[in-house]
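A look at the structure
What follows is each chain in one-letter form.
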Amino acid sequence: MIEERYDVVVVGAGPAGSLTAKTAAERGLDVLLLERNQEIGVPVKCAEGVNKAIEQFITPDKKWICAEVKGAYIYAPDGTPVVMSGEKMEEVGYVLERRIFDKVLAHEAARAGAEVRVKTAAYGLITEDGCARGVVIRSMAAGETRRIYAKVVVGADGVESRVGCWAGLNTRLRPADMDVCAEYLMCDIEINKDHSEFFLGNEIAPNGYAWVFPKGEDTANVGLGIGGDRSGEGHHAIDYLRAFVQRKFPHGKILAEICGAVPVCGPIRESVTDGLVLVGDAAWHVNPLTGGGIIYAMRAGTIAGDVIAHAVQENDVSKTRLLEYDKRWRKEFGKRLHTGLKAKEFFFTLSDADLNALAQSLQGVAIPELSTWGLLMELVRRNPRMLAGLAKALL
């Protein structure tokens, strides 16, 4: 079997994997970035909304930005709207074209010095004395198997990471720990081009919500996510989506259908072990309340690449050394993920009538910042009795 050697091998060329590869390569490491699909960014498994914090990592480009939104409308089950807008929108500021955006990130990793290979899947972990030392890969293009040795392996392979599982990390999720999602790319529909829309209600999306993200004059991502434990025969995410679209856009045209899953259980217990780190969805870097994860993935990737570079240069890739990555990402955004989890769990106890009352309490109130924290604090302030449990959870 053919053998190759690198400082780092990154499995998965999404935002987390590409930022890890780019950062490590910029710091002088020999990096291999693997993508099992034949085209990076395809198939898209994302609602494609992201906040403007993305500008910390990459200069915005119209090539991969479909829309810039000014705010959002959140609709209670009875249709009562909550209007949010401002410059510091947490979950939505741009609507991306991920099939282009992900390629741009991988291109930047390549320009930094990383080698990128598509149609190449990892299907086993190489270990020595309990330490990850590389992966076994299969190139679908060449039809051959190779052993890729590396000082550090990075699992950026998404929900329920196989790389993490091979290393003995607990990456498995219960149905209640994930949202299952379905989305249509639709055209010939009437949309608000400047605002994203969110729809709440147990009939619309139990333990989740529906969304409409504008992508052009008459085009939008229309999708929803439901709690994995609420999914069943006749009640899958796609069933709820069909019903939602039939009510809201009965004459719209469907251009694409997307399905996927999102971890919404808060941060993973362990994101590192000897010779290996997990980033992005593989490490559950997703806000459990909103399902947003792109920015967290990019932050984690940047931190991981930096820590890995120093660890390799120090010739110490032990779990103890790599724990610096774990500590840094938890310090930077771990509390926000925990807050999102507590808020999600609380809101799941509310009825549609409760949600209607909360929305009505905000009528006529200007909320200048579309942030999860800002919205929760305003709701608690106006509904102290109903949200006493939430207030305790957030403090």
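See the structure above.
Residues numbered from 1 in each chain as written. Predicted model: local features only at pLDDT ≥ 70, side-chain atom pairs only at ≥ 80, totals over all residues. Heavy atoms only, no water.

**Description of the pairing of strand β11 (residues 144-155)**
To keep things clear, this is the line we draw: One bridge is not enough; two strands pair if DSSP finds at least two bridges between them. The helix count covers DSSP runs of H or I at least four residues long, the strand count covers runs of E at least two residues long, and both are numbered beginning at the N terminus.
Pairing between strand β1 (residues 2-11) and β11: nine bridges, direction parallel. Counterpart to Val-11 in the pairing with β11 is Gly-155. Bridge count between strand β10 (residues 131-139) and β11: six bridges; the pairing is antiparallel. Bridging from a neighbouring strand, Ser-139 pairs with Glu-144 of β11. Between β10 and β11, which pair antiparallel and follow one another directly, the connecting turn spans four residues, one of which, Gly-143, has a positive phi of 65°. Taken together, the three bridges between β11 and strand β18 (residues 276-278) define a ladder with parallel strand orientation. Bridging across to β18, Val-153 finds its partner in Leu-276.

**With respect to the nonpolar core**
Just so we agree on the cut-off: By nonpolar core is meant a set of buried Ala, Val, Leu, Ile, Met, Phe, Trp, Tyr and Cys residues that side-chain atoms within 4.5 Å join together. Using a 1.4 Å probe on the protein chains alone, a residue whose accessible area is under 20% of its type maximum counts as buried, one over 50% counts as exposed, and one in between counts as partly exposed. Every residue pair with non-hydrogen atoms within 4.5 Å of one another is taken to be in contact.
Counting 60 residues, the largest nonpolar core has Val-31, Val-135, Ile-308 and Tyr-325 as the members making the most contacts within it. When residues in this core are grouped by element, the largest group, ten residues, is from helix α5 (residues 294-313). When near neighbours in sequence (up to four residues on either side) are disregarded, Tyr-325 contacts Ser-271, Val-272, Val-277, Leu-278, Val-279, His-285, Ala-300, Ile-303, Ala-304 and Val-307. Counting residues in hydrophobic clusters, the runner-up holds 32 residues, among them Val-82, Val-262, Leu-355 and Val-380.

**Comments concerning the pattern of salt bridges**
Two side chains of opposite charge can pair, provided their charged atoms sit close to one another. Just so we agree on the cut-off: The salt bridge definition used is simple: a Lys or Arg side-chain nitrogen within 4 Å of an Asp or Glu carboxyl oxygen.
Tallying each qualifying case throughout the model produces 28 salt bridges. Between Asp-306 and Arg-27 there is a salt bridge whose closest N-O contact spans 2.8 Å. Pair noted here: Asp-306 is in helix α5 and Arg-27 is in the loop between α1 (15-26) and β2 (31-34), with a separation of 279 residues, a long-range link. Two residues, Glu-314 and Arg-321, come together in a salt bridge whose shortest N-O distance is 2.7 Å. On the accessibility criterion, Glu-314 (46% relative accessible area) is partly exposed. The exposure class of Arg-321 is buried, given its relative accessible area of 15%. Through salt bridges with shared partners, one network takes in Glu-26, Arg-27, Asp-306, Glu-314, Arg-321, Glu-324 and Arg-328.

**Regarding the sheet that holds strand β13 (residues 195-199)**
Quick note on the threshold: Axis geometry follows a simple rule: fit a line to the C-alpha atoms, using only the stretch in contact for helices, then measure angles between N-to-C directions, giving values from 0 to 180 degrees.
Pairing within the open sheet is mixed, and its seven strands lie in the order β6-β5-β13-β14-β15-β12-β16. For this open sheet the edge positions go to β6 (81-85) and β16 (253-263), each flanked by a neighbour on one side alone. Across the sheet, the axes of successive neighbouring strands diverge by a mean angle of 15°, strand direction being ignored. Sheet strands touched by helix α4 (residues 237-248): β12 (178-187), β13, β14 (209-214), β15 (220-227) and β16. Its angle to β12, the strand with the most contacts, is close to 35°.

**Looking at helix α6 (residues 319-347)**
Keep this limit in mind: A helix is expected to span 1.5 Å for every residue after the first. A residue's bend is the angle separating two fitted axes: one through the seven residues that end there, the other through the seven that start there.
If you check α6, its first and last C-alpha atoms are just 37 Å apart, much less than what 29 residues at 1.5 Å a residue would give, namely 42 Å. Remark: the principal bend of α6, roughly 60°, maps to Phe-333.

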